[in-house]
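Survey of secondary and tertiary structure
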Amino acid sequence: MADKLIIFDTTLRDGEQSPGASMTRDEKVRIARQLERLKVDVIEAGFAAASPGDFESIKAIAAAVREPIICSLSRANDRDISRAAEALEKAQRKRIHTFIATSPLHMEMKLRMSPDQVLEQAIQAVRFARQFTDDVEFSPEDASRSDFDFLCRVIEAVIKEGATTINFADTVGYGVPELYGNTLKRLRETIPNSDKAIWSVHCHNDLGMAVANSLAGVMIGGARQVECTINGLGERAGNTALEEIVMAVRTRKDHFNLDIGIDTTQIVATSKMVSQITGFAVQPNKAIVGANAFAHASGIHQDGILKARNTYEIMRAEDVGWSANKIVLGKLSGRNAFKQRLQELGIALESETEVNAAFARFKDLADKKAEIFDEDIMAVVAEEEHSHDADHYRLVSISQHSETGERSSAVVVMTIGDREKSCIAQGNGAVDAIVNAIESEVKSEAELLLFSINAITAGTQSQGEVTIRLSKAGRIVNGVGADPDIVVASAKAYISALNKLHSKVEKLNPQI
Ligand code: KIV
Ligand code: ZN
């Protein structure tokens, strides 16, 4: 029988450490629910001690998501571990993941601790974590640059204390596949109690080898857990991409001979959700989830595909959740057809009220746009999930004028609390004018970090999806808005970001 490969998703923890990718609690719960539909085995929901916001997000996910194991990261100290345990209290199945650096460089320069002190702290941390759960993961941080004998001492000791998963972390993406896989193999062969734990790989993509290193860790090293993120999101060059690991293991089952529990048809929806919420666009040629991943432009390829798909396709687009960009609904479609399409897309709205609200937005869009694609429906739902009755700022209407050689002007009518305001300004182009108009009343003093526009579907009728990233007093937020009129989409995105800055429940950026 084939072994199972455990898929440990850390989009909400290591992925979020990517500068600018911070997510609100509600957004994290949405992603966690989608990860549950994707059937990942473990969700690392955050780092409880990093901020009150992270703590609340883990708590909310632990209460909302039942199937996967919910995990919190914690440094190797009692305070962090207690915080993780508290946040995980409601989880059906919980894991505490504790870590401490073991490389000479990190111990000396960062921790200013001797190897013996690090060893003792690792032992104490695992012993303490075991009081809260019997599922404890230990990561020697910067393991791939650690001294082999010292690593053996630390790992043997923490397994003795009850660590059930050992994560061989390539923290700075220094590993190369053969070496990384062989070191892991040697660790498992040398450490006498290595068979008492599941071995895990955790790779960063600084040299573009995170997926290759992870797979070498599995095939050569015998790891049976891969830590990864959707779209490879993560600090610097990112983490191992979940979709690439899953489809490599599934497509080349002949080679890997491992079982995975993932529902691959949910991959594209998950990728789009993460990209939309974080504002991190997916490059068109990205494996599996890039817009061109299954597009065949050359005549020879197209001819081959028409004769036999497997001439140029090693995977089927529909197996990872790509639909054929078909027109699915229109102006005359009813609520039932809309609801059924949501189901087919794997979108589960929480209540009938939410379905009604999303349907109203859909009708609104169908009035402006004749052809509604799956991607439009996803954007409509995302917008509905982003908006709250309690939003402080709301867009009422926009009037905007641009003329060659003239400065653009805009009038934005919006509500601020319970007052309606009409804001007028000029700007260097249409978007600048509407942002200036909004700011003439709001005076947020936020710094604009990112403004990006993406056409959701093909054609000039396409909705533009705008992401705006704002920063103020150490907080970074993303606002997203979609509309066939990109000026309106920009206003929606700007107002959505302002609402997040205004909301008190959001957290500081949780960098370790
Ligand atoms: O990269 C890393 O070392 C980590 C650990 C905390 C597992 O993310
Ligand atoms: Zn990491």
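Here we summarise the structure given alongside this text.

Criteria and thresholds
- Residues numbered from 1 in each chain as written.
- Chains lettered and ligands numbered in written order.
- Predicted model: local features only at pLDDT ≥ 70, side-chain atom pairs only at ≥ 80, totals over all residues.
- Heavy atoms only, no water.
- Salt bridge = Lys/Arg side-chain N within 4 Å of Asp/Glu carboxyl O.
- Helix = DSSP H or I, 4+ residues; strand = E, 2+ residues; numbered from the N terminus.
- Buried < 20%, exposed > 50% of the residue type's maximum accessible area, 1.4 Å probe, protein only.
- Pairing = 2+ DSSP bridges.
- Right-handed = clockwise from strand over helix to strand, strands pointing away.
- Donors = N, O, S within 2.8 Å, 3.2 Å for Na, K, Ca; no water.

**With respect to the pattern of salt bridges**
- Summed over the entire model, instances satisfying the criterion amount to 40 salt bridges.
- Between Asp-206 and Arg-236 there is a salt bridge, with its nearest N and O atoms 2.6 Å apart. A residue pair is termed long-range when its members are at least 10 positions apart, and Asp-206 in the loop between strand E8 (198–203) and helix H9 (210–219) and Arg-236 in the loop between strand E9 (225–228) and helix H10 (242–251) qualify at 30 residues.
- In this structure Arg-236 comes out as partly exposed when scored by relative accessible area, which is 48%.
- The salt bridge partner of Arg-309 is Glu-313, with a shortest N-O separation of 3.1 Å.
- According to the relative accessible area criterion, Arg-309 is partly exposed, its value standing at 38%.
- Because the salt bridges share partners, they merge into one network encompassing Arg-361, Lys-368, Glu-383, Glu-384, Asp-483 and Lys-492.

**Details of the pairing of E8**
- Burial within E8 is extensive, with 5 of its 6 residues counted as buried.
- Sheet topology places strand E7 (residues 165–170) next to E8; 6 bridges connect them, and they run parallel. In the strand pairing of E8, Asp-170 is matched with Cys-203.
- Of the crossover connections in this fold, the one passing from E7 over helix H8 (residues 177–190) to the parallel E8 is right-handed.

**Examining the coordination of the zinc ion (ligand 2)**
- Within the protein, the zinc ion (ligand 2) binds to Asp-14 (OD), His-202 (NE2) and His-204 (NE2); these donor distances fall in the range 2.0 to 2.1 Å.
- When the donors of the zinc ion (ligand 2) are listed by position in the chain, the intervening gaps give D-x187-H-x1-H. A residue pair is termed long-range when its members are at least 10 positions apart, and Asp-14 in helix H1 (residues 11–15) and His-202 in strand E8 qualify at 188 residues. The pair Asp-14 / His-202 is uniform in exposure class, with both members buried.

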